[in-house]
Amino acid sequence: MIDKSFHIITFGCQMNVNDSRWLELSLAERGFVKADTADAQVVVVNTCSVREKPERKVAAALADVRRVTRADPKVLVAVAGCVAQRLGEKLFSPEGQVRLLIGSDGLIRAPEAIEHLLAEPDLRLSLLDFTDRYEERGRMRGASGPVAQVNIMQGCDNFCAYCIVPFTRGRQKSRAAASVLEECRARLNEGAREICLLGQNVNAYGQDKRGDGVTFSGLLACVAALPGLARLRYVTPHPKDMGPEDVSAFGDLAPLCPRLHLPLQSGSDAVLKNMGRKYDGRDFLNLVERLRKVRPDMALGTDIIVGFPGESEKDFEDTLNMMEACEFVSSFSFCYSDRPGTRAALFPDKVDPAVSRERLARLQTLQETQTRRLFAKRVGQKTEILIEGRSRRQEAGKTSWQGRDPYGVLVHLALSGNTDYTGKMVPVIITQCKKHTLMAQQAGGLW
Ligand code: SF4
């Protein structure tokens, strides 16, 4: 075991990835070094329980940590995120290595708690309390890279019937606009060219009483005006909170990319009502139309839950029809599963899992066909790629790089020379489409 070493295992969404990155940099600032699980003195499992599968993966990961570290009691294991919040002190098994639980609001105190627990091997700590306000975590020093993910809020007030987030991440707390802008400026000064604003319900920013009066569209405009910013994105918005000013921002703010992940969840009005989503199919289509009026090239992605309790074949067909009408370029889709503590877990009329799986397969086939068709249209088009790093695809005599176009699609291209092109913007022509990615050729000078 290496003294003052750590290993972080991360499951789940971009917010979890960002939380893990913050913890990693904070531990590094305190003199900790990264190590493999087998050598680490501290192992953090940052978890997600939005879906059932990740929760099972977490149990498997903890068993794996135990096996790899030979259940060494000197290894401090911490469980962070949604599973820690949901299962709480049940995770402290008597013989277990788990001695620290970190909720989303407790993360800020985790580095100090880790040092404390290393000095006190018989102690256990639980940092699961929710705070009233968004607590500033301090700057992520050294978080380099061309794309900066910046948290602007924590939690959610929506209580969709199937979702555990309001219980595991707490009620919505908007971060002060001045702090968001300060972090964005710092990340741009460190070399970032793209900023992605993160929040569980990102476009409800400012609607809670904990904010400072700045609205989401106001914040977007301020971030978009920062010197050095080439691209701006945000994730994940709620369709019901997309106000007219959020739609027009796609026409008004040059850095705001024409790509939006807009969770539909279902195309059936009855299912949407049972889910508590507070919009119906007509509202959603109307929003899509307004977005495409402002940006005809708007690329939309979505989330779909298949087999929500009570979903009939007709409801499911409404979802398929909506997928086609909205022309989603990509979607995350999965079969509904009960999350303990949510309203939907108590709903009758559970859909037979075999029926859900069959529907999911049909939906995913439709998405693949749609993606292929939309990608094929891109061949021959000019666009710009922000290089994020080297690609594993290689071409003789050239190094292959990968990055994203303004529509958020991963693009591979070969560039000559041994220069590190990370963070460069490259004009390209799309030459080929694959199942999930595009291939391109350089078509102009880098900047
Ligand atoms: S808006 Fe999103 S995070 Fe909030 S409860 Fe609904 S699904 Fe969960």
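Every value quoted in this text rests on a predicted model; they were computed, and no experiment measured them. (Residues numbered from 1 in each chain as written. Predicted model: local features only at pLDDT ≥ 70, side-chain atom pairs only at ≥ 80, totals over all residues.)

As for the overall build of the protein
Turning to step 1, where the next piece is worked out: Looking only at helices and strands, one finds twelve helices and 19 strands in the protein.
Turning to step 2, where the next piece is worked out: On C-alpha atoms alone, the protein measures out to a radius of gyration of 23 Å, which is about the 22 Å that the 2.2 N^0.38 rule sets for 447 residues.
Turning to step 3, where the next piece is worked out: Referenced to the eigenvectors of the C-alpha coordinate spread, the extents of the protein come out at roughly 60 × 60 × 50 Å.
Turning to step 4, where the next piece is worked out: In the protein, once contacts between residues fewer than 6 apart in sequence are set aside, the share between residues at least 24 apart is 73%. (Helix = DSSP H or I, 4+ residues; strand = E, 2+ residues; numbered from the N terminus. Rg over C-alpha atoms; globule rule 2.2 N^0.38 Å. Contact = placed C-beta atoms within 7 Å.)

Some details on the domain arrangement of the protein
Turning to step 1, where the next piece is worked out: When its domains are assigned, the protein resolves into domain 1 (5-127), domain 2 (133-257), domain 3 (261-377) and domain 4 (382-442).
Turning to step 2, where the next piece is worked out: Look at where the C-alpha atoms of domain 1 and domain 2 centre, and you get two points 26 Å apart.
Turning to step 3, where the next piece is worked out: Counting from both sides, the interface comprises 16 residues of domain 1 and, opposite them, 17 residues of domain 2.
Turning to step 4, where the next piece is worked out: Counting only elements with at least two residues in the side of domain 1 that touches domain 2, the list comes to α1 (14-29) and α3 (82-87).
Turning to step 5, where the next piece is worked out: Ranked by residue count, the leading element in the side of domain 1 that touches domain 2 is α1, at seven residues.
Turning to step 6, where the next piece is worked out: A class-by-class count of the residues in the side of domain 1 that touches domain 2 yields seven nonpolar, five polar and four charged. (Domains from an automatic or database assignment. Nonpolar A, V, L, I, M, F, W, Y, C, P; charged D, E, K, R; others polar.)

A look at helix α8 (residues 244-252)
Turning to step 1, where the next piece is worked out: Every buried residue of α8 is accounted for by D246, V247, A249 and F250. Taken down its axis, α8 places every buried residue within 145° of arc, on the same side. (Buried ≥ 20, exposed ≤ 12 C-beta atoms within 10 Å, placed from the backbone. Arc of directions from axis to C-beta.)

A short note on the packing of helix α6 (residues 177-189) against helix α7 (residues 216-224)
Turning to step 1, where the next piece is worked out: Contact pair α6 / α7: the axes reach a minimum separation of 10 Å and the direction vectors enclose 25°. Taken together, the axes of α6 and α7 lie roughly parallel to each other. Note on packing geometry: the crossing formed by α6 with α7 is right-handed. Side by side, α6 and α7 meet where A177, V180, L181 and C184 of the first sit next to L219, C222 and V223 of the second.
Turning to step 2, where the next piece is worked out: Looking at the contact of α6 with α7 residue by residue, the class counts come to seven nonpolar, no polar and no charged. (Axes fitted to C-alpha atoms, helices over the stretch in contact; angles between N-to-C directions. Parallel < 35°, antiparallel > 145°, perpendicular 65-115°, else oblique. Left-handed = near helix turned anticlockwise from the far one by under 90°.)

Topic: the environment of L446
Turning to step 1, where the next piece is worked out: Examined against the element boundaries, L446 turns out to sit in the segment after β19 (438-442).
Turning to step 2, where the next piece is worked out: If sequence neighbours within four positions are ignored, L446 has contacts with K424, M425 and V426.

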